[in-house]
Structure formats: C-alpha cells, structure tokens
Amino acid sequence: MNLPFDILDHIFSFLITHPASLVACSEAHPVFSRMVEKYQYYCLTIDLESTCGHLTKLLSDKPRIRNYVRVLRIEPVYRYISITTTQFERVAAILPLFSALECIVLSIACMMTWESDLPQVFRKALEGCLCLPTLRELHIDHYFNDFPVSMLDSHANIDCFSLCGTPKVSKVADTTYPQLKSLSITGFYENENHISFGAWAKPRITRLQSLKYDYSSDHTLLELLEICSDTLSTLDITLGDDVDFQCEPFASVVISVL
Amino acid sequence: MTVCPFTLPDSTRTYFISSIIQNGLPLSINLPPHLSNLTIRALIRIFPDSDDTVPYEYCVSFLPAAIEIFKAAPSLCRITLEINVYPTYPNPTAFDDVDLSPLSPLTALADSPGSSRRIDLHFNLGWDYTLTELVSLLANYTGLAELMEQDVLVIHLNEHISTPFDTYI
C-alpha cells in the first residue's frame, strides 16, 4: 500500500454517504480502521429509543470521535412511537460532547409541542448546540408546533433552517439576526395570536437563496418573496387543499357517471 | 381570509384550478428575477360520489395554476412539477380518465429562451401503476411524446424529489 495518506483520505471522503462501505474498509486493514473513523462518524444518528449506553461508552473509549461528528440526527429508529422524558434527558446529557457539529436534525415523526412535550433539559442542551461556531444547519422535522424561531437569533453562524410545523414567533429586541441562505417552512398554519412570520423573517432572509414554503391562503409567501427577490434562486411551493382558488367550472367533461 | 377547499358543486367534470385567489381576486406572484430552479407540488384530487353508487363524481386539478406560475418565471433553468394524485380509494381506471391536457403548455416552456430544456415531472400515485403505463398515458397529449423522446421531459413515478432542503432529512 504505497498511496499517500492524503490520497487515501480523499478516497474515503467519497464514502460518507455509504456507511456499510466505510465499515468494510475499516475491517480490511488496521491502518484503514483509524483513517475511516472521521467519515464513519461524520453523520451520527442518536436513537431516542435506546439507552444511549453504547454511544456513551464509545465516546468515552474514543473521545476523538466527538470531533468527527458533523451531522447529528436525533430520532427514534422505529417511527411513530411515544418518547418519554427520560429518553430525551439521556440524549441531553450526550449533546454537549459534540463540539464540531455542522448540522442537527431533530426528527420525532409525531406531532409535538416544543415547550410542553420536551423536557427543559433537552431544550437547553439543543439550544446550547446552536452556540457552536461550526453549526450551520438546523432541521426540525416533523410536526413541531410552537418551535421558538427566536432561538436562532444571536447565532449568526446558522444559515440553513427548516421546520415542519408552526413556528412560535415573538418579539426579540437588540439581537444579532442570522442571515439565512436556505429556509423551509412546511405544515405551517398562521396563528393570529402570533406575530406574522413574514415580519419575523424580514431581517433574516435578505440574502436568502432557497425557499420552500407551503402556499397557504395568506400573504406570507408573497411577503417572503418580496424580501429576498434579489437573491432567491431556488423556490419550492405546494399548491394544496388550503389555498383559495378560482376554477374553470365547465372546462372539461372527463369522468362519466356510470 | 376565506378558505374554501373544494366546496364545488356536484358534477361529472374536472374542475381546473386556473388561479390562486386572495380576497376574491386572482393573485399574481412576482417571481424573483434570478429564480433558476422552481419546484411546484400540485394536487389532483378525485372525489367519489357520496352514496358510493358512482365510483367518481368529480376531479379537482391544480395543474393549470401550476403551469401559470411556471410561465411567470422569466429564466428558469430547471422546472420540477410534482403531481400528487389523491383518489379517496385507489382506482387506476379513474386516473386514466383524468384530463392531463393542462400539461401541454410544457412544450412552450421547454422552448422558452433561457430554459435549460429540462423538465422533471414527478407523479405520486398511491396504487400500482407502472412507468410504462404513465408514459403511454402522457404520450396522448399534444407535444408531450416529443419532449419525452428528446429527454427534455423526464417522467418519474413515486420517486422522492431531492432538494437542497432535505440533504440530511
């Protein structure tokens, strides 16, 4: 094996999305084993159903792995189960160990409300991760109601945010706004008690390049498009049940009564 | 704000949703001038008769509204249209009767200046239906067969659209 280290490293970097291949490489040769670790743990999933014991031991035995994790997914492996407070608390204890995160995905797959369904210790731990200077992306999926989007403020490093659910918008004064490049809001129903989402987004999306939005029957999409019209290059919209529409009532006879 | 989802009279027709309205007036969307990549997810819903004696009473299609929005974009490089078809219960025969003619203007979009001549058309159907059947169905509409032959129009069946938003989702 005469290939230089950096060449091999570059080859392994292409396997980030192929964990099985990385495992195979790590088992092929002891030298490979150490080399592939940073790609093997690049994207790590914490299973909310597990006791996290195995992961805690791994991080304790090999502390270097903490710095390899760049994408952290928090989800139940078996979807649509109820998650207990204890399970969230276990994850909360692990979160501060990762110091080089670039992306966090919280994917519970059942409808939850931020404050009432998640223990405070978990919310605080997740908010603590937003302070990491390396963190750029936060994805909250799905359906999370009342996610406090003001949590993104004062974290100028975050430029990609997605939420499936209804955001909770509140007034925040004297803060540093993140300058989002990518924003996705789906499953969103405007709550009259909240400050308009468009008003919240205004100072945060002036450099937006990508927008995904469920086109509901309110002004929000138009507001968002106006704010970022100079920079937006990618748009993804849904025309569904909840838009007002005008139809052509006698356009075509296509289905016959049998 | 008035939301009136599908409060249409009983009929044996397809109701083409031609425009989105706000406060009773058709809404024109001012798309950003530099927009190069536009994805629209549009709904086709097939409604059964309430007494179940008639398999399908009418159909609501958002395809015309989607095409109108595409036309309003000045310089798209990539057009993606996802068509989600929801019958109340699976009936491929009923889908064969759905009028997809609003898709024909895609031929004009493919020819428009600034276009990369690539249009991805995704169909999400909740029942057994083959890509061959779908392509055969679309080929009946003016201009679509030629676009498919030229690989300008690419048909996808029950395939997830990969977007910048869901790299890790």
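**Some words on the overall build of chain A**
Right, on to step 1. Summing up its helical and strand segments, chain A has 10 helices and 13 strands in all.
Right, on to step 2. Considering chain A as a whole, with its 258 residues, one finds that 35% of them fall into the buried category.
Right, on to step 3. In chain A, of all internal contacts separated by at least 6 residues, the share reaching a separation of at least 24 is 62%.

**Section: the overall build of chain B**
Right, on to step 1. Helix and strand counts for chain B come out as five helices and seven strands.
Right, on to step 2. Sequence-ordered secondary structure for chain B, helices as α and strands as β, is β-β-β-β-α-β-α-α-β-α-α-β.
Right, on to step 3. Counting only residues that meet the buried cut, chain B has 32% of its 169 residues in that class.
Right, on to step 4. In chain B, the share of contacts with a sequence separation of at least 24, taken over all contacts with a separation of at least 6, comes to 77%.

**As for the nonpolar core**
Right, on to step 1. Core analysis: the largest hydrophobic core is formed by 88 residues, its most contacted members being I40, A42, A66 and F70 of chain B.
Right, on to step 2. There are two domains that each give this core at least three residues, and those are domain 2 (41-135) and domain 3 (164-239) of chain A.
Right, on to step 3. Non-local contacts of A42 of chain B, meaning those with residues more than four positions away in its chain, are made with L239 of chain A together with F62, L63, A66, L81 and I83 of chain B.
Right, on to step 4. F12, L22, C25 and Y39 of chain A belong to the second largest nonpolar core, which has five residues in total.

**Here's the deal with the pairing of strand β5 (residues 137-141) of chain A**
Residue and element names in this part refer to chain A.
Right, on to step 1. Of all five residues that make up β5, five are buried, and the element is covered over most of its length.
Right, on to step 2. Residues of β5 alternate between two faces, with E137, H139 and D141 on one and L138 and I140 on the opposite face, all of them buried.
Right, on to step 3. Relative to strand β8 (residues 160-164), β5 is paired through four bridges, and the arrangement is parallel. Pairing of E137 across the sheet is with C160, part of β8.

**Things to note about the packing of helix α1 (residues 5-13) of chain A against helix α3 (residues 30-40) of chain A**
All names here are of chain A.
Right, on to step 1. As a packed pair, α1 and α3 sit with axes 10 Å apart at the nearest point and diverge in direction by 40°. Of the possible angle classes, the one that applies to α1 and α3 is oblique. The way α1 lies across α3 gives a crossing that is right-handed. Contact residues: L8, D9, F12 and S13 in α1; M35, V36 and Y39 in α3.
Right, on to step 2. Class assignment of the residues belonging to the contact of α1 with α3 gives a composition of five nonpolar, one polar and one charged.

**Thoughts on the pairing of strand β4 (residues 58-61) of chain B**
Residues and elements named next belong to chain B.
Right, on to step 1. Both faces of β4 are covered, namely the face carrying Y58 and V60 and the face carrying C59 and S61.
Right, on to step 2. Pairing of strand β3 (residues 37-47) with β4 involves four bridges; the strand directions are antiparallel. Pairing of I46 across the sheet is with C59, part of β4.

**Observations concerning unusual backbone geometry**
Right, on to step 1. The backbone of D146 of chain A shows a phi angle near 60°, a positive value even though the residue is not glycine.
Right, on to step 2. Tracing the chain through its elements places D146 of chain A in the loop between β6 (144-145) and β7 (147-148).
Right, on to step 3. The exposure class of D146 of chain A is partly exposed, given the 18 C-beta atoms found within 10 Å.
Right, on to step 4. Positive phi, close to 60°, is recorded for D151 of chain B, a residue that is not glycine.
Right, on to step 5. Its place among the elements puts D151 of chain B in the loop between α5 (144-149) and β7 (153-157).

**With respect to the packing of helix α6 (residues 85-94) of chain A against helix α8 (residues 120-129) of chain A**
Residues and elements named next belong to chain A.
Right, on to step 1. Close contact between α6 and α8 brings their axes to 8 Å; oriented N to C, the two are set at 30°. Viewed along their axes, α6 and α8 adopt a mutual orientation that is roughly parallel. α8 is crossed by α6, and the crossing has left-handed handedness. Facing F88, E89, V91 and A92 of α6, the residues of α8 in contact are V121, F122 and A125.
Right, on to step 2. Residues belonging to the contact of α6 with α8 are distributed by class as follows: six nonpolar, no polar and one charged.

**Remarks on the confidence of the model for chain B**
Close inspection of predicted coordinates is inappropriate in any region flagged by low pLDDT.
All names here are of chain B.
Right, on to step 1. Per-residue pLDDT for chain B averages 76, and the proportion of residues at 70 or more is 67%.
Right, on to step 2. Averaged pLDDT values for the elements of chain B fall to 62 in strand β2 (residues 25-26) and rise to 94 in β7.
Right, on to step 3. Low confidence marks residues 1-11, where pLDDT is under 50. Its contacts with residues over four positions away, or in another chain, come to 18 contacts.
Right, on to step 4. For this predicted complex, the interface confidence comes out at an ipTM of 0.83, alongside a pTM of 0.84.

**A closer look at the environment of Y58 of chain B**
Right, on to step 1. Tracing the chain through its elements places Y58 of chain B in strand β4.
Right, on to step 2. For the pair Y58 of chain B and I69 of chain B, spaced 11 residues apart in sequence, the C-alpha to C-alpha distance is 24 Å.

**A closer look at the environment of S50 of chain A**
Right, on to step 1. Among the structural elements, S50 of chain A can be located in the loop between β1 (43-47) and α4 (53-61).
Right, on to step 2. A sequence separation of 160 residues divides S50 of chain A from S210 of chain A, and the C-alpha atoms of the two residues are 35 Å apart.

Definitions and cut-offs
Residues numbered from 1 in each chain as written. Chains lettered and ligands numbered in written order. Predicted model: local features only at pLDDT ≥ 70, side-chain atom pairs only at ≥ 80, totals over all residues. Helix = DSSP H or I, 4+ residues; strand = E, 2+ residues; numbered from the N terminus. Buried ≥ 20, exposed ≤ 12 C-beta atoms within 10 Å, placed from the backbone. Contact = placed C-beta atoms within 7 Å. Core = buried A, V, L, I, M, F, W, Y, C linked by C-beta atoms within 7 Å. Domains from an automatic or database assignment. Pairing = 2+ DSSP bridges. Axes fitted to C-alpha atoms, helices over the stretch in contact; angles between N-to-C directions. Parallel < 35°, antiparallel > 145°, perpendicular 65-115°, else oblique. Left-handed = near helix turned anticlockwise from the far one by under 90°. Nonpolar A, V, L, I, M, F, W, Y, C, P; charged D, E, K, R; others polar. pLDDT = per-residue confidence, 0-100.

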